[in-house]
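As a plain string of letters, each chain reads:
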Amino acid sequence: MGGRRGSRTQRKHFKQSRENVWKRPKTESSSDPNNPAWQPFATQNPSFDEYYKEQRIVSPEEWDAFMEMLRKPLPAAFRINATSQFCEDIRSQLANDFMKSLQAEAIEGGDLEPIKPLPWYPDNLAWQSNFSRMQLRKNQTLERFHEFLKLETEIGNISRQEAVSMVPPLFLDVRPDHFVLDVCAAPGSKTFQLLEIIYHSAKGRFLPDGMVLANDLDVQRCNLLIHQTKRMCTANLIVTNHEGQHFPGCRSHKNISNGSETTNNLEQSITQLLFDRVLCDVPCSGDGTLRKAPDIWRKWNGGMGNGLHCLQIHIAMRGLSLLKVGGRMVYSTCSMNPVENEAVVAEILRRCGGSVELVDVSNELPQLIRRPGLTKWKVRDKGVWLPSYKDARKLQRNGIVPSMFPSGKNYADLTNNNQKSENGESVNAEDVVQPDDTISSIDDLEEEVSDLPLQRCMRIVPHDQNTGAFFIAVLHKVSHLPAIPDKSATSQGKLSTRSELYENLSDQATEEINGLEVSSVDGADEKILEVASKAEENISEMALEAADEKISEETSEVDEKISEVALEADLVDDEPAGGAPESNSSEAADKKTDSAKTGEKRKLQIQSKWKGVDPVLFFQDETIINSIKTFYGIDESFPFTGHLVTRNKDANHVKRIYYVSKSVKDVLDLNFRVGQQLKITSVGLKMFERQSSREGSSAPCSFRISSEGLPVILPYITKQILYASPADFKHLLQYKSIKFADFVDADFGQKAADLMLGCCVIVLREDHVQADALAIAIGCWKGRSSLSVMVTAMDCQELLERLSARMETEKNGTLAPESLGVLDKKQDMSGENGTTLEDHNVEAMKIQDTNASE
Ligand SMILES: C[S@@+](CC[C@H](N)C(=O)[O-])C[C@H]1O[C@@H](n2cnc3c(N)ncnc32)[C@H](O)[C@@H]1O
């Protein structure tokens, strides 16, 4: 079953592409070679050649090899889900079965290695196949491999992900207790990987201490991410929907114990949302994915990166301000453009003035071939090369800012001999050209070279190891960020008026760029106005950081008020959440007005209620909680109180109860205290679902355990749980519903008959005395005369095959699939009993248990 026992949800709506869905939509004619209108993609673009030759991203001698590789299709890469209970089976199937059986085909086709583990990925968990899609369909051996890839992806045991895209999470050095922020997370490949790393290093513990907060600006992509990560079955994930550059700080100035709000636990809760690790996989022009998305050849132009540079800096700066001192942040793009890469890293280093270091990670992942970051590059704008910012000024290129250049210098400061920025404030010493730097004539200046250690950045180029291209920089926060004024678009580029900014950005807003649709007029307007107003107000990320970190008593009080007011305002038109008191609406409104004056910036983030987003509420209905505990005999040691949440305001009609880890619970507690600054689109692991069938409502407990939640609670269940022999377990998977009298093990049949009506858990009896979290177990329905599985047909098939394969491998002789009467897959799935109870409804329940209405 997928992921950590797998989410059994239908994935058909999300099939198009998990990794790449945020990219440009393919036109019908461009994607289907069988369509008569289909034309092969042009795989050249003269401006691309000119741009990158000039940037010298590879040496002139390598240019042809680089271009040749860019024109070849990208080999398929995938990762085995390290937390899947079949991880080892799959790894061994790849190494022992497919590697050998595919070898002959590969040699025939001229490839030496058909599939191979990526040497730099730990534990042989990531693989690359050298077959193209067409080849995979060619013959039976390949088709079998193709089917394997499809099924295991569907189940969640493997994830298709571009090899280079797997690199950034590996450099984050994530540990099981870390709080990790994934700022631009959708569609979630790296979030999934981060969670895997947390779980894997937590050594099988189903509730690690850490958590991942995955954020994305685009709500639809957030939904894709939620779907994708469902397969992880994790209680340690929060998904939010914010602009990364304005991600809320959630600073609470009350040091409240957890217990005062939701529990009696006296542990101190967190008072600010800070992270041990931050991943900024920012929106970019994406030309590193040319091999996978060849339509980029046609769309590519030299200005694409310029339009994203400032946003990338803002997102990265916000990421750094949310990072704990001592923490690590990875900045990455799938672009080859230095303006989106080294220039951004250089600018954040300058802004952080020594509080952030670029880490030399040359000793980490030594088998990954990478090249050092560039220290010199040029900027191209509207077909003209600009070696330094002075050229941009000369040519009045308003869209170009000093930080795009290697030196980051604003020559206006030089020529004006002025140590003040344009808004009159002192600028960061590192940005000012010092006297001994003075250039006698700025016309002398040709090519700029950065004096920052940008060679520590990593560039992955396609022809080094047959991949896409990627850029990665690893940053370490050594101390609090300095409080310095913003020197973003306005002060740097003399873009002092809204109209200038508008014009500048409109020029750039011509392309649909990865993850950021700047082509739409509305979208562009919104972005432009936002940047313009930001520039006018001179509100910087640094100022926010300063406010966060060097907060005075006074501001602290103000913030607290804002939070309280926001919370109260929330409560006026909503029901109390988390046991917080109700408030008087006019008072709240007054307070809100006062606070609004003092906290204009923050007000934007603290909306009293997030429109269109279900509230997150702690579930505290003791009657229901106790009925669940009693029915399933849940051991007292299972942390229940304060860990259950719902998204339904109507306590009487709660359909799903989600479980959250301690780390997520702490963040939710904090979020309530700060007036729900986080716009949470998804949180928690679906643990219990209300039975709505006729039989279900007559069962003693109206909630069943969901498939996703089962692994977490399994070790704590003492009632409604049975251990089936391999033969009976397989029969259940095969026939889906079995009468008590028909079980091979009559004793088991009798025990099943003795269970209470309703949901129960059947564990595969191995050597376990007691089920542990890694045991193979399925949710079933105990009807009046039979037991029915509550698992999707696809998951049943996967489980059956995996169990059969395991048993064959173990060669214990007695449990060969044939001897267990395992039916042919097709026969099995097409039968009436193929209907399963996943996503149960009344009808499904009736069909499954044919005797239910007796
Ligand atoms: C390169 S993709 C991220 C890919 C993702 N990390 C993964 O591995 O699956 C960039 C993402 O940034 C999002 N995005 C664009 N602008 C953003 C912003 N201002 N704040 C946060 N996310 C943003 C896009 O919606 C897109 O999903």
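Rules used throughout
Residues numbered from 1 in each chain as written. Predicted model: local features only at pLDDT ≥ 70, side-chain atom pairs only at ≥ 80, totals over all residues. Heavy atoms only, no water. UniProt positions renumbered as here; feature names shortened; annotations may be inferred. Phe/Tyr/Trp six-rings, centres within 6.5 Å; stacked < 30°, edge-to-face > 60°. Helix = DSSP H or I, 4+ residues; strand = E, 2+ residues; numbered from the N terminus. Buried < 20%, exposed > 50% of the residue type's maximum accessible area, 1.4 Å probe, protein only. Pairing = 2+ DSSP bridges. Axes fitted to C-alpha atoms, helices over the stretch in contact; angles between N-to-C directions. Contact = heavy atoms within 4.5 Å. Salt bridge = Lys/Arg side-chain N within 4 Å of Asp/Glu carboxyl O. Near = heavy atom within 4 Å. Polar contact = N/O pair within 3.5 Å; in protein donor to acceptor, adjacent residues only side chain to side chain. Areas by Shrake-Rupley, 256 points an atom, 1.4 Å probe, with all protein chains shown as cover. Nonpolar A, V, L, I, M, F, W, Y, C, P; charged D, E, K, R; others polar. Expected span 1.5 Å × (residues − 1). Left-handed = near helix turned anticlockwise from the far one by under 90°. Parallel < 35°, antiparallel > 145°, perpendicular 65-115°, else oblique.

Looking up the protein in an unreviewed UniProt entry gives the name SAM-dependent MTase RsmB/NOP-type domain-containing protein, with the organism given as Gossypium mustelinum. Its UniProt record gives the protein a comment under Subcellular location (unreviewed entry), which states: "Nucleus". According to the UniProt record, the Sequence similarities (unreviewed entry) comment for the protein reads "Belongs to the class I-like SAM-binding methyltransferase superfamily. RsmB/NOP family."

Next up on the list: the packing of aromatic side chains. Evaluation of the coordinates by the stated rule reveals 22 aromatic pairs. Between Tyr331 and Phe471, the ring centres sit 6.4 Å apart and the planes meet at 75°, which makes this aromatic pair edge-to-face. On the criterion of sequence distance, the pair formed by Tyr331 in strand β9 (residues 323-333) and Phe471 in strand β15 (residues 470-477) is long-range, its members being 140 residues apart. Centroid distance Phe638 to Phe640: 5.4 Å. Interplanar angle 70°. Geometry classified as edge-to-face. By relative accessible area, Phe638 is classed as buried at 3%. Members of the aromatic cluster, each reached through a chain of ring pairs, are Phe48, Tyr51, Tyr52, Trp297, Trp300 and Trp385.

Turning next to the UniProt feature "active site" (unreviewed entry) in the protein. The positions UniProt marks with the feature "active site" (unreviewed entry) are Cys334. Looking at the element boundaries, Cys334 is found in the loop between β9 and α15 (342-352).

This part is about the sheet that holds strand β4 (residues 158-160). Pairing within the open sheet is antiparallel, and its four strands lie in the order β2-β3-β1-β4. A strand with exactly one partner marks an edge of an open sheet, and here the two such strands are β2 (115-117) and β4. In this sheet, neighbouring strand axes are inclined to one another by 25° on average, regardless of whether the strands run parallel or antiparallel. Note: strand β1 (residues 76-80) against strand β3 (residues 126-129), four bridges, orientation antiparallel. Its bridge partner lying in β3, Arg79 is registered against Ala126. Docked against the sheet, helix α5 (residues 87-101) engages β1, β2, β3 and β4, running at close to 140° with respect to β1. Across the face of the sheet, helix α10 (residues 189-201) comes into contact with β1 and β4 while running at roughly 30° to β1.

This next bit is on the pattern of salt bridges. One pass over the structure, following the stated rule, counts 34 salt bridges. In this structure, Arg144 engages Asp97 in a salt bridge whose closest nitrogen and oxygen atoms are separated by 2.7 Å. Of this pair, Arg144 sits in helix α8 (residues 140-155) while Asp97 sits in helix α5; the two residues are 47 residues apart in sequence, bridging distant segments of the chain. Using a relative accessible area of 39% as the deciding quantity, one classes Arg144 as partly exposed. Classification of Asp97 as partly exposed rests on a relative accessible area of 25%.

On to the site of the ligand, then. Close to the ligand lie 24 residues; Lys190, Asp216, Gly244, Gln245 and Asp281 are nearest. Between the ligand and Asp216 there is a distance of 2.6 Å, counted from an oxygen atom to a side-chain nitrogen or oxygen. At 3.0 Å from an oxygen atom of the ligand is found a side-chain nitrogen or oxygen belonging to Arg221. For the ligand, whose unbound accessible area comes to 600 Å², protein coverage reaches 99%. For the shell around the ligand, the elements supplying multiple residues, two or more each, are α10 and α14 (306-321). Of the residues assigned to the shell around the ligand, the class counts are 12 nonpolar, six polar and six charged.

Turning to helix α27 (residues 662-673), a few remarks are in order. Its 12 residues give α27 an end-to-end C-alpha distance of 17 Å, which sits within 8% of 16 Å, the value for a rise of 1.5 Å per residue. Along α27, 11 of the 12 residues are buried, which leaves the element largely enclosed by surrounding structure. Buried residues of α27: Ser663, Val664, Lys665, Asp666, Val667, Leu668, Asp669, Leu670, Asn671, Phe672 and Arg673, and no others. Backbone geometry just downstream of α27 places Gly675 in the positive-phi region, at approximately 80°.

Take the packing of α10 against helix α11 (residues 219-230) next. A pair of packed helices is characterised by two quantities: the angle between their axes and the separation of those axes. Running from amino to carboxyl end, α10 crosses α11 at an angle of 35°, the nearest separation of the two axes being 9 Å. As for the relative orientation of α10 and α11, their crossing is right-handed in sense. Every residue of α11 that contacts α10 at Ser189, Thr191, Phe192 and Leu195 is listed here: Leu225, Gln228 and Thr229. Each residue belonging to the contact of α10 with α11 can be placed in one class, and the counts come to three nonpolar, four polar and no charged.

The next thing to look at is the packing of α5 against α8. Running from N to C, α5 and α8 cross one another at 160°; their axes reach a closest spacing of 11 Å. With respect to each other, α5 and α8 are oriented roughly antiparallel. Considering how the two elements wind past one another, α5 and α8 form a crossing that is left-handed. Facing α5, whose interface residues are Ile90, Gln93, Leu94, Asp97, Phe98 and Ser101, α8 presents Thr141, Arg144, Phe145, Phe148 and Glu152.

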